[in-house]
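Letter by letter, the chains look like this.
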Amino acid sequence: QVQLVESGGGLVQPGGSLRLSCALSGDILEYYPVGWFRQAPGKGREGVSWISNSDGGTKYADSVKGRFTISRDDAKNTVYLQMNNLKPEDTAVYYCAAGILVIEPFRLNDYDYWGQGTQVTVSS
């Protein structure tokens, strides 16, 4: 089993920044592709960003392009999501997930392991 733990969420004003971390532990057999997802109250879980396990490729939802940056430090088994210029509509619980074989980066069922989520609230 692989465990993922998110951290770094909190309350921030519009225009502010946060950096989320996703720490992987357990039976880690490879460097997995990792995705960040979010879910606002009453809404479905949506893909936010993704990072490859091999070529360094990344993907972002249109709503966060230019504001969010995903990165990874494989020596620390950690993936980060730097969030800048936050907006109220970014308010959600943010989850990270790892997959053994991810075909579509924002397809939830492609992922095998999920974290518990961390709350991000953007408000004045």
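Placed above this text is the structure.
Residues numbered from 1 in each chain as written. Predicted model: local features only at pLDDT ≥ 70, side-chain atom pairs only at ≥ 80, totals over all residues. Heavy atoms only, no water.

> Run through the side chain of serine 52, naming residues and quoting values.
By the element assignment, serine 52 lies in the loop between β5 (46–51) and β6 (58–60). Only 3.0 Å separates the side chain of serine 52 from the backbone nitrogen of serine 54, close enough to count as a polar contact. Within polar-contact distance, the side chain of serine 52 engages the side chain of aspartate 55 at 2.9 Å. Other than its neighbours up to four places away in sequence, serine 52 contacts Pro33, Gly57 and Arg72. (Helix = DSSP H or I, 4+ residues; strand = E, 2+ residues; numbered from the N terminus. Polar contact = N/O pair within 3.5 Å; in protein donor to acceptor, adjacent residues only side chain to side chain. Contact = heavy atoms within 4.5 Å.)

> Go over the nonpolar core with me, naming the residues and quoting the values.
Ranked by internal contacts, the top residues of the largest apolar core, which has 29 residues, are Leu4, Trp36, Phe68, Leu81, Met83 and Tyr94. For this core, the elements supplying multiple residues, two or more each, are β1 (2–7), β3 (18–26), β4 (34–39), β5, β7 (68–73), β8 (78–83), β9 (92–98) and β11 (118–122). For methionine 83, the contacting residues outside a window of four places in its chain are Gly16, Ser17, Leu18, Leu20, Arg67, Phe68, Tyr94 and Val120. Ranked by size, the runner-up nonpolar core spans five residues in total, among them Phe37, Ala97, Val102 and Tyr111. (Core = buried A, V, L, I, M, F, W, Y, C linked by side-chain atoms within 4.5 Å. Buried < 20%, exposed > 50% of the residue type's maximum accessible area, 1.4 Å probe, protein only.)

> Lay out the state of the cysteines in plain terms, naming residues and giving numbers.
All told, the structure shown has one disulfide when counted by the stated rule. Bridging cysteine 22 to cysteine 96, the disulfide has an S-S length of 2.1 Å. Because the sign of the S-S torsion sets the handedness, a value of about 75° for the bond joining cysteine 22 and cysteine 96 places this disulfide among the right-handed ones. Of this pair, cysteine 22 sits in strand β3 while cysteine 96 sits in strand β9, placing them 74 residues apart in sequence. Given the relative accessible area of 0%, cysteine 22 is considered buried. Classification of cysteine 96 by relative accessible area gives buried; the value is 0%. (Disulfide = S-S within 2.5 Å.)

> Just give me the short version of unusual backbone geometry, but keep the residues and values in it.
At asparagine 77, a residue that is not glycine, the phi angle is positive and equals roughly 50°. Inspection of the secondary structure assignment puts asparagine 77 in the loop between β7 and β8. A positive phi angle is found at asparagine 85, which is not glycine, with a value near 50°. Looking at the secondary structure, you find asparagine 85 in the loop between β8 and β9.

> A description of empty space enclosed by the protein should follow, citing residues and the corresponding values.
Enumeration over the complete set of coordinates arrives at one cavity of 30 Å³ or more. Estimated volume of the largest cavity: approximately 60 Å³. Along the lines of polarity and charge, the residues of the lining of the largest cavity split into five nonpolar, two polar and three charged. (1 Å grid on protein atoms, 1.4 Å probe; cavity = no way out; pocket = protein on both sides within 12 Å on 5 of 7 lines; lining within 4 Å. Points joined across faces, edges and corners; volume = space filled by probe spheres on them. Nonpolar A, V, L, I, M, F, W, Y, C, P; charged D, E, K, R; others polar.)

> Hey, could you go over the packing of aromatic side chains for me, with residue numbers and the actual values?
This model, assessed by the stated rule, comprises four aromatic pairs. Seen from their ring centres, tyrosine 111 and tryptophan 114 are 6.0 Å apart, and the 65° between their planes marks the pair as edge-to-face. Classification of tryptophan 114 as partly exposed rests on a relative accessible area of 28%. Three or more aromatic residues joined by ring pairs form one cluster here, namely Phe37, Tyr111 and Trp114. The ring of tyrosine 95 carries the charged tip of arginine 45 above its face, separated from the ring centre by 3.7 Å. Sitting over the face of the ring of tryptophan 114, arginine 45 holds its NZ or CZ atom 5.1 Å from the ring centroid. (Phe/Tyr/Trp six-rings, centres within 6.5 Å; stacked < 30°, edge-to-face > 60°. Lys NZ or Arg CZ within 6 Å of the ring centre and 35° of its normal.)

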